Amino acid sequence: MTEYTPPKVWTWNKPSGGAFASINRPIAGPTHDKELPVGKHPLQLYSLATPNGVKVTVMLEELLARGHTGAEYDAWLIRINDGDQFGSGFVEVNPNSKIPALMDRSGATPVRIFESGSILIYLAEKFGEFLPSEQPARAEVLSWLFWQMGSAPYLGGGFGHFYAYAPEKFEYAIDRFSMEVKRQMDVLDRRLAETEYLGGKDYSIADMAVWPWYGGLALGRMYNDSAEFLSVQEYKHVRRWAKAIDARPAVKRGRMVNRAFGEPALQLHERHDASDFDTNTQDKLAAE
């Protein structure tokens, strides 16, 4: 392998390589004009069922399961590989061009919320659920929520990229990020040896944030054969927690929303009503 010597000034003169080369660029802003659709509900979600997207659809389905009819929502599919996130309408909701993005049209002035952690806090405070109001329980939940926000880039953009998506395998990069992901899994395992959920005895937005990433890894759903590679069976407390959350009906529904890959029966590209889970999954649409 030829050793790379960085130039004095970096310039963007070739694709970055890897699975997402076509959508990576060093500038922000829209690439084309495209208005976002608006459905019948006050909450309008624009997303894709990546781990960050699943956080929010799980939260919304959990709120509905607790009887909060105001949490009804329209979920619109944003195909990031096609560059939908660079449309002018999406950039107006999230100038960072990342999913998920939420518009709350329930008040006189629409409110935009972007970044998955911010959306979880916004919804938790709006509906008074899944985030304790008293200390120290509130601080514990928020600490684990922000732990995820800071840690997951090492799992996704670090380990996942170099292990599964990079055009070449680099031992140094894979070793570095594997070590960090295993350390993070150990952090979680030690915490979950002490308590049922990350924030304590109650299920919270901390679990909703961490589960799609680290629960998915523990359940063998991330980055091809990475579960074997990282020996996830060692983290028995994380696996116990991951399986318990995976069994929740609202979580099962949340995983389906805006899903555009995998089994057709588990793909609900758009969600506008609870009945869509029974009538509009991709297997049923194909049969029609």
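Cut-offs applied
Residues numbered from 1 in each chain as written. Predicted model: local features only at pLDDT ≥ 70, side-chain atom pairs only at ≥ 80, totals over all residues. Heavy atoms only, no water. Core = buried A, V, L, I, M, F, W, Y, C linked by side-chain atoms within 4.5 Å. Buried < 20%, exposed > 50% of the residue type's maximum accessible area, 1.4 Å probe, protein only. Helix = DSSP H or I, 4+ residues; strand = E, 2+ residues; numbered from the N terminus. Contact = heavy atoms within 4.5 Å. Pairing = 2+ DSSP bridges. Axes fitted to C-alpha atoms, helices over the stretch in contact; angles between N-to-C directions. UniProt positions renumbered as here; feature names shortened; annotations may be inferred. Parallel < 35°, antiparallel > 145°, perpendicular 65-115°, else oblique. Nonpolar A, V, L, I, M, F, W, Y, C, P; charged D, E, K, R; others polar. Patch = residues over 30% accessible without salt bridge, like charges linked within 9 Å, V, L, I, M, F, W, Y side chains within 5 Å. Areas by Shrake-Rupley, 256 points an atom, 1.4 Å probe, with all protein chains shown as cover. Salt bridge = Lys/Arg side-chain N within 4 Å of Asp/Glu carboxyl O. Expected span 1.5 Å × (residues − 1). Polar contact = N/O pair within 3.5 Å; in protein donor to acceptor, adjacent residues only side chain to side chain. Phe/Tyr/Trp six-rings, centres within 6.5 Å; stacked < 30°, edge-to-face > 60°. Arc of directions from axis to C-beta.

Under an unreviewed UniProt entry, the protein has the name GST-like protein and belongs to Rhizobium loti.

(A) Region of interest: the nonpolar core. Core analysis: the largest hydrophobic core is formed by 66 residues, its most contacted members being Met-59, Leu-123, Leu-155, Met-185, Ile-205, Tyr-214 and Trp-241. Among the elements that make up this core, the one with the highest residue count is helix H6 (residues 205-218) (10 residues). Every residue in contact with Met-59, bar those within four places of it in the chain, is listed here: Leu-120, Leu-123, Ala-124, Glu-129, Phe-130, Ile-205 and Met-208. Within the second largest apolar cluster, 11 residues are counted, among which are Tyr-46, Val-93, Ile-99 and Ala-101.

(B) Up close: the sheet that holds strand E3 (residues 101-104). Strand order across the open sheet formed by 4 strands is E2-E1-E3-E4, with mixed pairing between neighbours. Each end of this open sheet is capped by a strand with a single partner; those strands are strand E2 (73-77) and strand E4 (111-114). Across the sheet, the mean angle from the axis of one strand to that of its neighbour is 20°, orientation sign disregarded. Bridge count for E3 against E4 is 4 bridges, and the pairing is antiparallel.

(C) Spotlight on the UniProt feature "domain: GST C-terminal" (unreviewed entry) in the protein. Here, UniProt's "domain: GST C-terminal" (unreviewed entry) annotation points to residues 134-268. For residues 134-268, the helix share is 67%, the strand share is 0%, and the end-to-end C-alpha distance is 37 Å.

(D) The arrangement of the packing of helix H5 (residues 171-194) against H6 in detail. Packing of H5 against H6 leaves a shortest axis separation of 12 Å and a crossing angle of 105°. One element, H5, and the other, H6, form an angle in the roughly perpendicular class. Counting all contacts with H5, which are made through Val-181, Gln-184, Met-185 and Leu-188, the residues of H6 involved are Val-210, Tyr-214, Leu-217 and Ala-218. Across the contact of H5 with H6, the residue classes break down as 7 nonpolar, 1 polar and no charged.

(E) Representation of a nonpolar patch on the surface. Among the surface-exposed residues, Tyr-4, Trp-10, Trp-12 and Ile-27 lie close enough to one another that they form a single nonpolar patch of about 560 Å² accessible area. Mapped onto the secondary structure, Tyr-4 falls in the segment before strand E1 (43-47). For Tyr-4, a relative accessible area of 59% puts it in the exposed group.

(F) Representation of helix H3 (residues 116-127). Taking 1.5 Å per residue, 12 residues should reach 16 Å; H3 reaches 17 Å between its end C-alpha atoms and fits that length. Within H3, burial applies to Ser-116, Gly-117, Ile-119, Leu-120, Ile-121, Leu-123, Ala-124 and Phe-127. Those residues of H3 that are buried are in contact with E1, helix H1 (51-65), E3, E4, helix H4 (137-165) and H6. Where H3 ends, the next residue or the one after it, Gly-128, has phi of about 65°, a positive value.

(G) Fine view of the side chain of Glu-129. Here Glu-129 is to be found in the loop between H3 and H4. By relative accessible area, which is 16% here, Glu-129 ends up buried. Side-chain polar atoms of Glu-129 contact the side chain of His-68, separated by 2.8 Å.

(H) Representation of the environment of Ala-260. Tracing the chain through its elements places Ala-260 in the loop between helix H9 (249-256) and helix H10 (276-279). In the structure, Ala-260 is positioned 182 residues away from Ile-78 in sequence and 9.6 Å away in space, judged by C-alpha atoms. The residues contacting Ala-260, other than those within four sequence positions of it, are Leu-48, Leu-77, Arg-79, Gln-267 and His-269.

(I) Spatial organisation of the packing of aromatic side chains. Per the stated rule, a full pass over the model turns up 11 aromatic pairs. Plain terms: the ring middles of Phe-162 and Phe-177 are 5.9 Å apart, the flat faces sit at 10° to each other, and that makes the pair stacked. Remark: Phe-177 occurs in helix H5 and Phe-162 occurs in helix H4; sequence separation between them is 15 residues. A residue is classified by how much of its surface remains accessible, and Phe-162, at 23% relative accessible area, is partly exposed. The class of Phe-177 is buried, set by a relative accessible area of 15%. Between Tyr-165 and Tyr-223, the ring centres sit 5.9 Å apart and the planes meet at 80°, which makes this aromatic pair edge-to-face.

(J) Highlighting helix H8 (residues 236-246). Residues of H8 that are buried include every one of Val-238, Trp-241, Ala-242, Ile-245 and Asp-246, and no others. Buried residues of H8, seen end-on, are gathered within an arc of 130° and therefore sit on one face of the element.

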